[in-house]
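For reference, the chains in residue letters:
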Amino acid sequence: MTSLLWFCNDIRLHDNEALHIATEEAEKLLPVYIFDPRQFAKTDEIGFPKTGPFRLRFLIDSLRDLKSNLQSKGSDLIILTGKPEELIPELCRKHDIGLVSYHEEATHEETQVEDALDDALEKIGVDVDSAWGATLYHLDDLPMEVEKLPDVFTAFRKKAEKYSEVRELFDTPAKLPPLPESHPESEGFPDSDFFGLEPDSPSEHSVLPFAGGETAALKRLETYFWDQDLLKTYKETRNGMLGADYSSKFSAWLANGTISPRYIYFQVKRYEKERKKNNSTYWLIFELIWRDYFRFIALKHGRNLFYSTGIKGKKYEWSTDNDAFRKWANAETGIPMIDANMRELNDSGFMSNRGRQNVASFLAKCLNIDWRWGAEYFESLLVDYDVCSNWGNWAYNSGVGNDPRDRYFNIVGQGKRYDANGDYIRHWLPELKDVPGEYIHEPHKMSVEQQRKAGIEIGNDYPFPMINLEQAYREIEKRGD
Ligand SMILES: Cc1cc2nc3c(=O)[nH]c(=O)nc-3n(C[C@H](O)[C@H](O)[C@H](O)COP(=O)(O)OP(=O)(O)OC[C@H]3O[C@@H](n4cnc5c(N)ncnc54)[C@H](O)[C@@H]3O)c2cc1C
């Protein structure tokens, strides 16, 4: 029998259940990756490319690595372009394929494609066996129906930790069945006309160069856990913003499935046995449970997650001030904590969790701009964009998601707390290099003479043309906790 394995957001050979299913009884295997034009179209609200240059480059690297890993095991990767629900049934007919296997997604657009594919395959009598593989806890092992998932994280986590177990890993196969004699030619990567842009690498200031692929993912874990022993202090450092070491940076590899969350989990368990078990080792797992939670929440709430009213169905008067939005997006608000983070995003495709919370809160709660614009902007630029984590976190920070307390961030206070000396601000906004530490988060408080000495000028065309800066600061002071 010949099986077709459809790779999607599971671009790896380790702990890959779909691969396991496809090879269990197959003599021939056809591994396929499909560039779906819908994933390279424009976002709905603000018309940005859904897949921006950093993630595109990361994806291409990841597929190159997958192809080479498949080849080293006697197989190969066939890269095609089109709609999976049309292409795959056609391949099955042409190449006498008996079984199709893939990993399931959780969100509306993706599950629609899967449903259409399953229907088309059923019509032509081809078996489909799909797997759930993107989370730490398997969907079927949750201690509640997904419809009954608590809307508060802690309630979910406590139950999951008590009643669910993380499943064992699927082995990485030593050898794979060969391609069938009759198979399509790989079309290779589409050109920049198809993508609407050129792939790009993060700037040299980035926390990491973010090399795509399973090989780089496993290496990053090796470095972070075993070579540099950074896991043991993760809880103390995780709120940092500057450099490679303050957090794991696993997110980009997790997002396209070049690393499995279960693999990370069992490496943490090994680390706890061989090196140290403490709050930090637990906390990395705790964060992976957050990631799970947003995926299950997306499954529970379906399309509501993408409406302005969010999963809470809450109506706010959202502003559509395009000018203010552009200033936020272009790192031109005049508020260093916001602009440094947005410049990092624009130049590298990454931003720390601390930064993401602050810029999201500022956009939705100080500027009152439709939070979905921010979510789409992140979607376009993030190297680690994950539909559930992104939209779930944006909704959470905008008062329409899972935050029971609907909090605001005091942006200036956060800057002083998490970047006390202003090193992060100066890293991304070198034009502020001569601003003294005491003013780095509030340059508007400097006298004209102090501004002159620091080589900046507030209020005119200082490096950042202002969104009424004074008003923005007043908002922050009024609202901040
Ligand atoms: C507005 C906003 C948008 C976000 N968009 C995304 C996104 O598109 N993709 C994405 O992976 N994460 C997103 N996050 C979550 C989080 O910011 C990133 O996962 C984290 O910064 C990635 O860095 P890291 O891998 O070093 O994290 P670490 O601190 O090392 O955490 C380990 C892993 O835990 C998971 N994790 C940590 N925090 C969160 C969280 N708040 N929500 C969900 N999972 C979490 C991630 O998979 C992460 O890789 C977003 C957060 C906010 C506030």
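For clarity, every value in this text was computed on a predicted model and none was experimentally measured.

1. Side note on the overall build of the protein
Here's step 1: A tally of helices and strands in the protein yields 20 helices and 5 strands.
Here's step 2: Taking 23 Å as the expected radius of gyration for a compact globule of 481 residues, we find that the protein reaches 23 Å, a close match to that expectation.
Here's step 3: C-alpha extents for the protein along the principal axes are approximately 80 × 50 × 40 Å.
Here's step 4: Classification of the 481 residues of the protein by burial places 58% in the buried group.

2. Looking at the packing of aromatic side chains
Here's step 1: Inspection of the entire model under this criterion finds 41 aromatic pairs.
Here's step 2: Aromatic pair Tyr282 and Trp283: ring centres 5.9 Å apart, planes at 80°, arrangement edge-to-face.
Here's step 3: Relative to Phe286, the ring of Tyr282 lies with its centre 6.1 Å away and its plane at 65°, an arrangement referred to as edge-to-face. Taken together, the residues Tyr282 and Phe286, both in helix 11 (residues 279-301) and 4 residues apart, mark about one turn of the helix.
Here's step 4: Through a chain of ring-to-ring contacts, the aromatic side chains of Trp132, Phe153, Phe156, Tyr282, Trp283, Phe286, Trp290, Tyr293, Phe294, Phe296 and Tyr396 assemble into a single cluster.

3. Considering a negative patch on the surface
Here's step 1: Residues Glu24, Glu25, Asp127 and Asp129 make up a contiguous surface patch of negative charge.
Here's step 2: Examined against the element boundaries, Glu25 turns out to sit in the loop between helix 1 (17-24) and strand 2 (28-35).

4. Re the pairing of strand 2
Here's step 1: Counting buried positions along strand 2 gives 7 out of 8 residues, so the element sits mostly inside the fold.
Here's step 2: Bridging between strand 1 (residues 2-7) and strand 2 involves 6 bridges; their strand directions are parallel. Considered in strand 2, the bridge of Leu4 is made with Leu30.
Here's step 3: On the question of chirality, the crossover connecting strand 1 to the parallel strand 2 by way of helix 1 is right-handed.
Here's step 4: With 4 bridges connecting them, strand 2 and strand 3 (residues 78-81) associate as parallel partners. Pairing of Val32 across the sheet is with Ile78, part of strand 3.
Here's step 5: Running through helix 2 (residues 53-71), the crossover from strand 2 to the neighbouring parallel element strand 3 is right-handed.

5. Concerning the environment of Ile297
Here's step 1: Summarising the element assignment, Ile297 is placed in helix 11.
Here's step 2: Residue classification places Ile297 among the buried residues on the basis of a relative accessible area of 1%.
Here's step 3: On a C-alpha basis, the gap between Ile297 and Ala106 in space is 9.2 Å, while along the polypeptide they are 191 residues apart.

6. A few points about the environment of Glu236
Here's step 1: Summarising the element assignment, Glu236 is placed in helix 8 (residues 234-237).
Here's step 2: Measuring from C-alpha to C-alpha, the distance between Glu236 and Trp283 comes to 10.0 Å, with 47 residues separating the pair along the chain.

7. Considerations on the packing of helix 11 against helix 16 (residues 387-397)
Here's step 1: The geometry of helix 11 relative to helix 16 is characterised by a closest axis approach of 8 Å and an angle of 90° between their N-to-C directions. Between helix 11 and helix 16, the interaxial angle falls into the category roughly perpendicular. Between helix 11 and helix 16, the contacting residues are Trp290, Arg291, Phe294, Arg295 and Ala298 on the first element and Cys388, Ser389, Gly392, Asn393 and Tyr396 on the second.
Here's step 2: For the contact of helix 11 with helix 16, a count of residues per class yields 5 nonpolar, 3 polar and 2 charged.

8. Observations regarding the pattern of salt bridges
Here's step 1: Summed over the entire model, instances satisfying the criterion amount to 27 salt bridges.
Here's step 2: Between Asp386 and Arg295 there is a salt bridge, and its shortest N-O distance comes to 3.2 Å. Taken together, the residues span a long stretch of sequence, with Asp386 in the loop between helix 15 (371-381) and helix 16 and Arg295 in helix 11 at a distance of 91 residues. Considered together, Asp386 and Arg295 belong to a single accessibility category, that of buried residues.
Here's step 3: Across the pair Asp434 and Lys433 runs a salt bridge whose closest N-O atoms are separated by 3.4 Å.
Here's step 4: Asp434 gets classed as partly exposed once you look at its relative accessible area, which sits at 45%.
Here's step 5: Owing to a relative accessible area of 55%, Lys433 belongs among the exposed residues under this scheme.
Here's step 6: A cluster of three or more residues bridged by salt bridges with shared partners is formed by Asp36, Arg38 and Glu85.

9. Details of the site of the ligand
Here's step 1: Around the ligand, the surrounding shell holds 28 residues, and the nearest of these are Tyr234, Ser247, Ser248, Lys249 and Asn353.
Here's step 2: A distance of 2.6 Å is found between an oxygen atom of the ligand and a side-chain nitrogen or oxygen belonging to Ser247.
Here's step 3: Take Phe250: an N or O atom from its main chain is 3.1 Å from an oxygen atom of the ligand.
Here's step 4: When isolated, the ligand has an accessible area of 820 Å², and the protein chains bury 97% of it.
Here's step 5: Of all the elements in the fold, those that place two or more residues in the shell around the ligand are helix 9 (251-255), helix 11, helix 14 (353-366) and helix 16.
Here's step 6: Here the residues of the shell around the ligand sort into 12 nonpolar, 10 polar and 6 charged.
Here's step 7: Mapped onto the domain boundaries, the shell around the ligand takes at least three residues apiece from domain 2 (134-166 + 215-301) and domain 3 (322-479).

10. Examining the environment of Leu218
Here's step 1: Counting through the fold element by element, Leu218 comes out in helix 7 (residues 214-227).
Here's step 2: Overall, Leu218 belongs to the partly exposed group, its relative accessible area being 25%.
Here's step 3: Taking the C-alpha atoms as reference, Leu218 lies 9.7 Å from Ser260; in sequence the two are 42 residues apart.
Here's step 4: Apart from the residues lying within four places of it in its own chain, the contact partners of Leu218 are His14, Ile259 and Tyr263.

11. What to know about the side chain of Asp292
Here's step 1: Its place among the elements puts Asp292 in helix 11.
Here's step 2: We note that Asp292 is buried and unpaired, the nearest opposite charge coming from Arg291 at a distance of 4.5 Å.
Here's step 3: If we ignore the near neighbours within four places in the chain, the residues touching Asp292 are Thr135, Leu136 and Tyr137.

12. With respect to unusual backbone geometry
Backbone phi values are negative for most residues with the exception of glycine, while trans is the configuration of most peptide bonds.
Here's step 1: With phi around 55°, Asp96 is a residue other than glycine that occupies positive phi space.
Here's step 2: Within the secondary structure layout, Asp96 lies in the loop between helix 3 (84-95) and strand 4 (99-103).
Here's step 3: You will see that Asn368, though not glycine, has its phi angle at about 55°, which is positive.
Here's step 4: Structurally, Asn368 is set in the loop between helix 14 and helix 15.

Rules behind the numbers
Residues numbered from 1 in each chain as written. Predicted model: local features only at pLDDT ≥ 70, side-chain atom pairs only at ≥ 80, totals over all residues. Heavy atoms only, no water. Helix = DSSP H or I, 4+ residues; strand = E, 2+ residues; numbered from the N terminus. Rg over C-alpha atoms; globule rule 2.2 N^0.38 Å. Buried < 20%, exposed > 50% of the residue type's maximum accessible area, 1.4 Å probe, protein only. Phe/Tyr/Trp six-rings, centres within 6.5 Å; stacked < 30°, edge-to-face > 60°. Patch = residues over 30% accessible without salt bridge, like charges linked within 9 Å, V, L, I, M, F, W, Y side chains within 5 Å. Areas by Shrake-Rupley, 256 points an atom, 1.4 Å probe, with all protein chains shown as cover. Salt bridge = Lys/Arg side-chain N within 4 Å of Asp/Glu carboxyl O. Lys, Arg positive; Asp, Glu negative; His and termini not counted. Charge placed at Lys NZ, Arg CZ, Asp CG, Glu CD. Pairing = 2+ DSSP bridges. Right-handed = clockwise from strand over helix to strand, strands pointing away. Axes fitted to C-alpha atoms, helices over the stretch in contact; angles between N-to-C directions. Parallel < 35°, antiparallel > 145°, perpendicular 65-115°, else oblique. Contact = heavy atoms within 4.5 Å. Nonpolar A, V, L, I, M, F, W, Y, C, P; charged D, E, K, R; others polar. Near = heavy atom within 4 Å. Polar contact = N/O pair within 3.5 Å; in protein donor to acceptor, adjacent residues only side chain to side chain. Domains from an automatic or database assignment.

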